[in-house]
Amino acid sequence: MLKKIEIYLLSFILNEAIYLLFFLKTNISNLLLGTIISLIFIFVLSKIKITKVYEIILLILALAMAIITLSQITNFITYNLLKNYSSVWIYLSFLILSIYLAYLGYHTFIKSLELASYFYLFLKIVTFFLIIFYFKISNFNNITNELHVNQSFLIFAVFNTFIFLAIKYLTNYSLNKKIYSFSLVNFLSIKILIIGIMGTTLFHLYEYPYVNILKRIKYLDFIERMEGILSFQYLISFFFLSSFIILLIKTLIQRILKRKPS
Amino acid sequence: MKKIFLLIILLFTGCTKYSDLNDLAIIKSIGISRNNEYTLYAEIIEEIDNNDPKMQVIKTKAKDISTLFKNIKLQVNKEIFLSHIDLILLDFSLKNDDYNEIIHYFLSNKEFRNDFLCIFSSNIEEVLNNSKYDEIEELIITNQESKNVINISFEEVIKNFLDKHAFSLSSVIYKNNTITFDDNYTFHDNQIERIDDVEKN
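Residues numbered from 1 in each chain as written. Chains lettered and ligands numbered in written order. Predicted model: local features only at pLDDT ≥ 70, side-chain atom pairs only at ≥ 80, totals over all residues.

**Q** Describe the overall build of chain A, and please don't skip the residues or the numbers.
**A** A count of helices and strands for chain A gives 11 helices and two strands. For chain A, whose C-alpha radius of gyration is 19 Å, the value lies close to the compact-globule estimate of 18 Å for 262 residues. Along the first, second and third principal axes, the C-alpha atoms of chain A reach 60 × 40 × 35 Å. Of all 262 residues assigned to chain A, the portion counted as buried reaches 33%. For chain A, the share of sequence-separated contacts (at least 6 apart) that also reach a separation of at least 24 residues comes to 81%. (Helix = DSSP H or I, 4+ residues; strand = E, 2+ residues; numbered from the N terminus. Rg over C-alpha atoms; globule rule 2.2 N^0.38 Å. Buried ≥ 20, exposed ≤ 12 C-beta atoms within 10 Å, placed from the backbone. Contact = placed C-beta atoms within 7 Å.)

**Q** Account for the overall build of chain B, naming residues and giving values.
**A** On a plain count of helices and strands, chain B comes out with six helices and nine strands. With respect to the principal axes defined by its C-alpha atoms, chain B has extents near 75 × 40 × 35 Å. In chain B, buried positions account for 28% of the 201 residues.

**Q** Requested: an account of the interface of chain A and chain B, with residues and values cited.
**A** Counting residues at the interface gives 10 residues for chain A, matched by nine residues for chain B. Take the side of chain A that touches chain B: its biggest share by element is three residues, from helix H8 (residues 200-205) of chain A. The residue inventory of the side of chain A that touches chain B, partitioned by class, reads four nonpolar, three polar and three charged. (Nonpolar A, V, L, I, M, F, W, Y, C, P; charged D, E, K, R; others polar.)

**Q** Outline helix H2 (residues 65-76) of chain B, supporting the account with residue identities and numerical values.
**A** Every α-helix carries 3.6 residues per turn, so stepping three or four residues along brings you back to the same face. Taking 1.5 Å of rise per residue, the 12 residues of H2(B) would be expected to cover 16 Å, and the 17 Å separating its terminal C-alpha atoms lies within 8% of that figure. Trailing H2(B) by a residue or two, B:Asn77 shows a phi angle of about 60°, which is positive. (Expected span 1.5 Å × (residues − 1).)

**Q** Account for the pairing of strand S5 (residues 87-90) of chain B, naming residues and giving values.
**A** Residue and element names in this part refer to chain B. Of the two faces of S5, the one holding Leu87 and Leu89 and the one holding Ile88 and Leu90 are both buried throughout. Where strand S1 (residues 24-35) and S5 come together, four bridges link them in parallel fashion. Across the sheet, the residue bridging to Ser29 is Leu87, located in S5. With four bridges joining them, S5 and strand S6 (residues 117-121) adopt parallel strand pairing. Paired with Leu90 across the two strands is Phe120, which belongs to S6. (Pairing = 2+ DSSP bridges.)

**Q** Go over the nonpolar core, please, and point to the residues and values.
**A** The biggest cluster of nonpolar side chains holds 58 residues, and the ones touching the most others in it are A:Leu14, A:Ala17, A:Ile18, A:Ile163, A:Phe238, A:Leu241 and A:Ile245. Here the element with the most residues in this core is helix H11 (residues 232-256) of chain A; it accounts for 11 residues. Of all hydrophobic cores here, the second largest spans 40 residues; its members include B:Tyr38, B:Ile85, B:Ile119 and B:Ile152. (Core = buried A, V, L, I, M, F, W, Y, C linked by C-beta atoms within 7 Å.)

**Q** Tell me about the pairing of strand S8 (residues 178-188) of chain B, residues and numbers included.
**A** Residue and element names in this part refer to chain B. Of the strand pairs in this sheet, strand S7 (residues 166-175) and S8 are connected by nine bridges, and their pairing is antiparallel. Residue pairing for S8: Lys175 is matched across the bridge by Thr178. What sits between S7 and S8 in their antiparallel hairpin is a turn of two residues, with Asn176 showing a positive phi close to 55°. Note that S8 and strand S9 (residues 191-195) share five bridges and pair antiparallel. Among the inter-strand pairings, Phe187 is bridged to a residue of S9, identified as Ile192. Counted along the chain from S8 to the antiparallel partner S9, the turn is two residues long, and its residue Asp189 has a positive phi close to 55°.

That is the geometry; function is a separate question.
The structure is reproduced here in structure tokens:
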């Protein structure tokens with residue numbers, strides 16, 4: 001039972017991080033199609049026996065993911081939080097922390113995730129109740145733009161497949177449809193919430209609309225300017241995503257070199 | 001070993017990028033108008049007393065929006081702080097192209113929060129020179145309940161302008177030694193029209 005909760009939490013946080021970093025502007029139809037394609041990929045690839053070639057391909061993908069994830073995280077922090085700070089130091093700090101957590105092993109990683117998830121969920125609930133009052137149905141007027149399909153569904157499928165295969169590789173837990181649908185519901189709810197608050201025009205204009213909606217919070221003349229502390233929930237998910245990818249790289253290298261992982 | 005490492009990391013924290021409050025020009029309100037070139041009026045907080053903060057209005061002119069803000073920095077000789085802006089006054093002389101340039105500048109500069117109040121004014125300089133701290137904002141908020149006033153943020157104005165190329169705002173003027181409401185106006189297709197009832201777009 002405990003393992004199941006761990007897996008749900010892991011997939012929830014990692015998928016949300018991937019979605020917020022890379023695919024927030026992807027149309028709903030692309031998300032749906034990408035999820036279906038990734039389910040097919042996962043079904044096919046999970047039948048393949050794990051060989052050295054499979055591990056090498058996963059390693060190459062993980063290395064590429066690590067580089068682009070860390071640079072996207074640095075971009076997020078530089079743009080929203082530490083505007084005048086050098087991005088090199090932010091990149092290095094995040095990299096060193098992620099490597100350290102990955103070095104401590106999977107069990108420490110999952111325990112840290114569980115501990116951080118309390119604060120993460122607390123911030124999520126607080127954010128939801130603070131911003132839901134700004135939700136308007138009239139902001140969905142131009143929603144037909146969300147129904148166009150383009151090639152980004154393939155890229156989404158690749159990322160989605162990679163994360164689920166990585167979770168399965170590290171945890172040895174056979175993933176089920178509930179976990180996939182849980183992630184998809186999360187993506188759609190984030191998008192619907194942000195568009196309902198901002199409208200499609202502003203949603204596509206801002207680079208980080210999920211931080212911009214936090215800037216709208218203004219109650220009782222003193223509950224305002226809370227985007228700094230509330231965006232900590234995103235930092236938590238981004239940090240665990242980068243640590244997870246580095247943990248995966250470490251495990252893959254150890255197994256490719258045929259040493260027992262810690 | 002870990003303790004030494006942590007101690008070393010602590011040395012990396014510091015105050016190298018701190019800004020003294022006196023070295024910042026905190027801009028409270030801005031007004032933009034155009035007559036061949038842009039004119040920017042910036043109301044800067046000089047001193048904060050409990051009862052009556054002292055404000056200073058700086059006027060600059062330039063051919064584009066970004067130069068306007070650079071000129072303020074040169075005039076006051078301080079780092080300008082844009083995240084505290086509470087109010088923007090737009091002149092009737094601004095056209096579609098001007099609004100496109102203003103919106104582009106405000107969206108691309110991450111210091112602007114874009115949640116500040118937005119109103120029209122035909123005599124921006126007099127309004128800013130003769131208004132007290134928060135006077136216009138309080139005027140809008142208290143009169144909003146009587147439903148004659150449009151209380152709208154700059155972000156909503158951007159949204160309406162980009163969606164419908166039109167937006168409605170209330171207007172304030174300086175008349176008979178007081179700041180009062182003028183009327184509600186709609187900007188549409190380079191034209192300013194008076195509106196009779198409040199249409200909150």
